[in-house]
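What follows is the residue order along each chain.
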Amino acid sequence: MLTYFIRRILEMIPVLLVVSLLVFGFIKLLPGDPARIYAGQDAPIEAVESARQLLGLNDPLPAQYWHWLDGMVHGDLGTTYRTRQPVLNVIQSGFMPTLLLALAGFAWSVVLGLVIGVVSALKRGKWQDWTLMSMAVGGISMPPFWLGLLLIQFVAMPFGLFAVSGFNQPTDIILPAITLGSSVAAVMARFTRSAFLDVAQEDYVRTARAKGLRARLVTWKHIMRNALIPIITMLGLQFGFLLGGSIIVESVFSWPGLGWLLIESIKTQDQPVIQALVMLFVFEFILINLLVDLLYAVVNPAIRLR
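Residues numbered from 1 in each chain as written. Predicted model: local features only at pLDDT ≥ 70, side-chain atom pairs only at ≥ 80, totals over all residues. Heavy atoms only, no water.

## A closer look at the overall build of the protein
- Counting its secondary structure elements, the protein contains 12 helices and zero strands.
- Counting from the amino terminus, helix and strand elements in the protein follow one another as α-α-α-α-α-α-α-α-α-α-α-α.
- For the protein, the spread of C-alpha atoms along the three principal axes comes to 85 × 55 × 30 Å.
- Counting across all 306 residues of the protein, residues that qualify as buried make up 42%.
- Relative to all contacts within the protein whose residues are 6 or more apart in sequence, the contacts with residues 24 or more apart total 73%.
- A total of about 16700 Å² of accessible surface is found on the protein, and carbon and sulfur atoms cover 68% of it.
- Taking the 22 positively charged and 18 negatively charged side chains of the protein as two groups, their mean positions are separated by 21 Å. (Helix = DSSP H or I, 4+ residues; strand = E, 2+ residues; numbered from the N terminus. Buried < 20%, exposed > 50% of the residue type's maximum accessible area, 1.4 Å probe, protein only. Contact = heavy atoms within 4.5 Å. Areas by Shrake-Rupley, 256 points an atom, 1.4 Å probe, with all protein chains shown as cover. Lys, Arg positive; Asp, Glu negative; His and termini not counted. Charge placed at Lys NZ, Arg CZ, Asp CG, Glu CD.)

What follows is the structure, encoded as structure tokens:
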């Protein structure tokens, strides 16, 4: 497994290089003059030219890319145009709120999705199955921003139990976490039901039942354990979705995380922050995929990673 881990880490390098080149190219296509944005809209020409020299915008594009890449490797992500603070410090301040929100949304959605999926599979064709799957379809179809607005309008404002914006106390995370994890819970419920029913049709499951094993033992040891393999894949993808999807939810609830920071940076054309956040999101997706592959061997020792 160690060899596999090292090989996957090395494979990440060319992927990140290609992504960094694309991100750098797209940023250069954005409208507006970075020097003018950095110096201020009312700054004189001299100040704009000084900012251009400071930011290295007079250098050839390959030199600018190399300077940005070299700085990123060494932990220097540049300086924000808006507050003139190091980009790394700004990202660090927003990383923990986003991580807490993603973990909270992930935790409740996975538990609820697994329970609903298993119950629906065990009650296949009955009214419980139809009811739970109808709820899952509704959860998938409902846009997160709309659910967030409904929770603010009909839960937070009438009762005053939860804050509608910001992150000042632990309870403030409840409504954003529910909003963020709702679609994930619905997807997990449907996917768990499908995986559970597929494994239940396998020959070794029928053999276990023919031997007279207890239904509970067959369900959890033979069916659920093997159904977890595709479910883990979906868990990894959904957690990556939560990190990326938090952009919308954080905007609705003014949550001080990376998603809200990205939206504000796009509004102000703060290019260094946009570049750093996009690279961070891509790195997170790649890292999550690696962790999912490693979990395969933990859940099912018969799988050997090479």
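## Some details on the environment of Gly257
- Relative to the assigned elements, Gly257 resides in the loop between α10 (215-253) and α11 (258-268).
- Look at Gly257 and you get buried, because its relative accessible area is 1%.
- Along the chain, Gly257 and Val90 lie 167 residues apart, while their C-alpha atoms are 10.0 Å from each other.
- The contact partners of Gly257, leaving out residues within four places of it in the chain, are Gly94, Pro97, Thr98 and Glu250.

## As for the pattern of salt bridges
- Counted by the stated rule, this structure contains six salt bridges.
- Among the salt bridges present, the one from Arg7 reaches Glu11, with a minimum N-O distance of 2.9 Å. Separated by four residues within a single helix, Arg7 and Glu11 lie in helix α1 (residues 2-29), roughly one turn from each other.
- Overall, Arg7 belongs to the partly exposed group, its relative accessible area being 34%.
- Overall, Glu11 belongs to the partly exposed group, its relative accessible area being 38%.
- Here Arg82 makes a salt bridge to Glu264, at a shortest N to O gap of 4.0 Å. Placement of Arg82 in the loop between α4 (61-73) and α5 (87-122) and of Glu264 in helix α11 is noted, with a sequence separation of 182 residues between them. (Salt bridge = Lys/Arg side-chain N within 4 Å of Asp/Glu carboxyl O.)

## Some thoughts on a nonpolar patch on the surface
- A contiguous nonpolar surface patch, about 630 Å² in accessible area, is contributed by Leu2, Phe5, Ile6, Ile9, Leu10, Ile13 and Leu17.
- Given a relative accessible area of 44%, Ile6 falls into the partly exposed group. (Patch = residues over 30% accessible without salt bridge, like charges linked within 9 Å, V, L, I, M, F, W, Y side chains within 5 Å.)

## As for the packing of α5 against α11
- Their axes nearest at 7 Å, the elements α5 and α11 cross at an angle of 135 degrees. Relative to α11, the element α5 is oriented oblique. Taken together, the residues of α11 that come into contact with α5 (itself represented by Val90, Ile91, Gly94, Phe95 and Thr98) are Leu258, Gly259 and Leu261.
- The residue makeup of the contact of α5 with α11, split by class, is five nonpolar, three polar and no charged. (Axes fitted to C-alpha atoms, helices over the stretch in contact; angles between N-to-C directions. Parallel < 35°, antiparallel > 145°, perpendicular 65-115°, else oblique. Nonpolar A, V, L, I, M, F, W, Y, C, P; charged D, E, K, R; others polar.)

## Observations regarding the nonpolar core
- Formed by 38 residues in total, the largest nonpolar core has its most connected members in Leu101, Met188, Phe196, Ile223, Ile231, Phe239 and Leu242.
- Per-element tally for this core: the top contributor is α10, with 13 residues.
- In this structure Met188 touches Gly113, Leu114, Ile231, Met234, Leu235 and Gln238, once residues within four positions along its chain are discounted.
- Formed by 21 residues, the second largest nonpolar core is a distinct cluster that contains Val23, Leu258, Val273 and Met279. (Core = buried A, V, L, I, M, F, W, Y, C linked by side-chain atoms within 4.5 Å.)

## Notes on unusual backbone geometry
- Here Ser254, not a glycine, exhibits a phi torsion of approximately 50 degrees, which is positive.
- Relative accessible area serves as the criterion here: at 36%, Ser254 is assigned to the partly exposed category.
- Phi is positive for Gln269, close to 55 degrees, though the residue is something other than glycine.
- By the secondary structure assignment, Gln269 is in the loop between α11 and α12 (271-299).
- By relative accessible area, Gln269 is classed as partly exposed at 27%.

## Overview of the packing of aromatic side chains
- Summed over the entire model, instances satisfying the criterion amount to six aromatic pairs.
- Between Phe24 and Tyr65, the ring centres sit 5.4 Å apart and the planes meet at 65 degrees, which makes this aromatic pair edge-to-face. Taken as a pair, Phe24 in helix α1 and Tyr65 in helix α4 lie far apart in primary sequence, 41 residues in all. Summarising the burial analysis for this pair, Phe24 and Tyr65 share the class buried.
- Taken together, a centroid distance of 6.1 Å and an interplanar angle of 25 degrees make the contact between Phe24 and Trp68 stacked. Of the two residues, Phe24 is situated in helix α1 and Trp68 in helix α4; the sequence distance between them amounts to 44 residues.
- In textbook terms, an aromatic cluster arises when at least three aromatic residues are bridged by ring pairs, as seen for Phe24, Tyr65 and Trp68.
- Arg84 extends its terminal NZ or CZ atom over the ring of Tyr38, reaching a point 4.0 Å from the ring centre. (Phe/Tyr/Trp six-rings, centres within 6.5 Å; stacked < 30°, edge-to-face > 60°. Lys NZ or Arg CZ within 6 Å of the ring centre and 35° of its normal.)

Keep in mind these numbers describe shape, not what the thing actually does.
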